[in-house]
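# Working through the structure, step by step
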Amino acid sequence: MVAVEQSLLDYFQKACSSIGNYDTGISNIILLNNTFMYQCHYDVLKEKILFNEDSFNWIVQVKWDDCADCNTRKTAQSEWIYTCPISHKGEHKYFLVIVYPESNKKILQILNLIAKQLSYQLVTQPNLKSLFLHSKYQQQITNTIEEGYLTVDQKGIITFINQIGTSILGLDVNELTGKPLLGILPNFNPSPLGTLQTKENWVNREVSFHLPKGKIHLIFSVTPLFENGLPVGIVITFREMKIIMKKLESLVSITPIFQFEDIIYKSRSMQDLVKTAKVAAKTESNILIEGESGTGKELIAQAIHNQSQRKGKPFVVIDCSSIPRDLVESELFGYVDGAFTGARKGGRLGKFEVANGGTVFLDEIGEMPLEIQVKLLRVLQTRTITRVGGHDPTPCNVRIIAATNRNLEEEVAYENFRLDLYYRLNVLQLTIPPIREREGDIPLLAKTLVEVAANRSNRHSPTISLETMEILENYSWPGNIRELENVIERAILIAHDVMEPEHLPNYLLTALVNSDKRKPAQSINLNNANSIREKEKELIRNTLDHVYWNKSLAARKLGISRSNLYEKIAKYNIEQVNR
């Protein structure tokens, strides 16, 4: 609005004709006399000067004295500009008020430029505030997300919350909107409204609240909103910790698929082991599983978990030998925000927290550093964990199944393992025998592994010859089932209908030749490893002759690549014989 003296009316009409149409959001420039009575107005959109007194009679109802410094500046008769918000019949408007003497002839020519800038600042800001804090579309938008969403104005009043948010808090929307945030959720310390001063976001901060539905543990993120540097309010998103835990389970834990029925055995030693393990599964006691590498310690642990009362809960595997020494504590117990340089903002849950209610499988427990053994002992004693950099203990209901290929009694004697932790873990002890001591189990295991490997590679499942099976049964298998599985998988790649000795790796055959345990009257020709090479050379030559030296077809029949076939032809100096 422009308040001018009556003597400028003629100039106003001339000057307005030169003003272009700017999209300022203000539709009229109004000319008043020195008593603030309507004279005429310029319609910016129509680019016309109009006289319509009836439409602007409300002008006289405006109390201009309510505007800051209005009387003082009028008395001074000086040139000045200010803005004034006016409410009339429930409608809120902003006015640009300019008072100037007759001598200033340029004021009308720049009026639209001023209005454009001012209207952007004054009109756009309330629209943004309405969009974020009062928008009628928020309900439709935010009900598509899987977390609570609420907006709070700069005074701390809740202006909106979505349906998921009300469900999480267990409160009706009418109990929340229009109420102070800290009155509903008083446990914030510091207050999220402080982000309007710091201008820093909150990311995944943990807060617990006591509400009518009970105690809830939430993860909050807060984003402060500003327009032209002025605070508008904050947007808060939140999720229940138990939902976060379930999502983390899929990332940190594995799905324990093995049951006792999946364990292949007929030996007496394994019968006794499985019987004891089934009894252990019904208890809540910690279990220590000992055995050589590759004997299937994790398989037994999964079977125990799946037959226990914790079935369906997390099964978290922690390989104590693979975690860097300086990260073991933070991996196991988590850390709080700012615990150390490089810590993720908002902190991080440890694997013990993720496993709450389930089972923690500590593989290779003998590799755990002594300083971490002390903290693990405290967890087992108190059933609580404290994050790195934190002070508040968190209840932790987990069952420990530990495994090692070391002799922990010897490690205790060498002071590499704490005696008190050993007793805590060794409530129930299971020792898995190596497969060389499991009489009658190797044929069962080998046949099963052949079927599994063949199905995995979409190949025909070959049978195992008697000679090959005798080799498998007489080998010492230092790598146990894991080594047997690798040997079988390699053999079926080159075997056809029958897995013969020549399909086994040379190191295995050489070890048997040099072993004193080999039976003296073997029916297989294993006087030395060269006999195996001769068999392989003969197999390759016969296959090439059978397909008329079509090397691609021969490679497919042999189950090897063409490049591998060429290498073997060169290695054995195999030449085509013209017939």
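It should be noted that the structure appears before, not after, this text.
Residues numbered from 1 in each chain as written. Predicted model: local features only at pLDDT ≥ 70, side-chain atom pairs only at ≥ 80, totals over all residues. Heavy atoms only, no water.

## Side note on the side chain of Asp 153
As for its placement among the helices and strands, Asp 153 is situated in strand E7 (residues 148–153). A polar side-chain atom of Asp 153 sits 2.9 Å from the main-chain amide nitrogen of Lys 155. (Helix = DSSP H or I, 4+ residues; strand = E, 2+ residues; numbered from the N terminus. Polar contact = N/O pair within 3.5 Å; in protein donor to acceptor, adjacent residues only side chain to side chain.)

## Things to note about the nonpolar core
Formed by 34 residues in total, the largest nonpolar core has its most connected members in Phe 352, Leu 362 and Ile 365. For this core, the leading source of residues is helix H13 (residues 370–382), giving five residues. Dropping the residues within four chain positions of it, Ile 365 is found in contact with Leu 288, Cys 320, Leu 376, Ala 402, Ala 403, Thr 404, Leu 408, Phe 417 and Leu 425. (Core = buried A, V, L, I, M, F, W, Y, C linked by side-chain atoms within 4.5 Å. Buried < 20%, exposed > 50% of the residue type's maximum accessible area, 1.4 Å probe, protein only. Contact = heavy atoms within 4.5 Å.)

## Description of unusual backbone geometry
With phi around 65°, Glu 415 is a residue other than glycine that occupies positive phi space. Within the secondary structure, Glu 415 is located in the loop between helix H14 (408–413) and helix H15 (419–425). Judged by its relative accessible area of 64%, Glu 415 falls in the exposed class. Unusually for a residue other than glycine, Tyr 548 sits at a positive phi of about 55°. With a relative accessible area of 74%, Tyr 548 lands in the exposed category.

## Re the packing of helix H16 (residues 441–456) against helix H17 (residues 466–474)
With their axes 9 Å apart at the nearest point, H16 and H17 run at an angle of 120° to one another. Between H16 and H17, the angle falls in the class oblique. The way H16 lies across H17 gives a crossing that is right-handed. Across the interface between the two elements, Ile 442, Pro 443, Ala 446 and Lys 447 from H16 touch Met 469, Leu 472 and Glu 473 from H17. Looking at side-chain class alone, the contact of H16 with H17 contains five nonpolar, no polar and two charged residues. (Axes fitted to C-alpha atoms, helices over the stretch in contact; angles between N-to-C directions. Parallel < 35°, antiparallel > 145°, perpendicular 65-115°, else oblique. Left-handed = near helix turned anticlockwise from the far one by under 90°. Nonpolar A, V, L, I, M, F, W, Y, C, P; charged D, E, K, R; others polar.)

## A short note on the side chain of Ser 330
Mapping Ser 330 onto the fold places it in helix H11 (residues 328–333). The class for Ser 330 is buried, based on a relative accessible area of 11%. Not counting chain neighbours up to four residues away, the residues in contact with Ser 330 comprise Tyr 335, Phe 340, Gly 350 and Val 388.

## Focus on the pairing of strand E16 (residues 359–363)
Successive side chains on a regular strand alternate, one facing one side of the sheet and the next facing the other. Most of E16 is tucked away, with five of its five residues classed as buried. Burial along E16 is two-sided: the face carrying Thr 359, Phe 361 and Asp 363 and the face carrying Val 360 and Leu 362 are both buried. Strand direction decides the pairing type here: strand E13 (residues 315–319) and E16, joined by five bridges, are parallel. Paired with Asp 319 across the bridge in E16 is Asp 363. (Pairing = 2+ DSSP bridges.)

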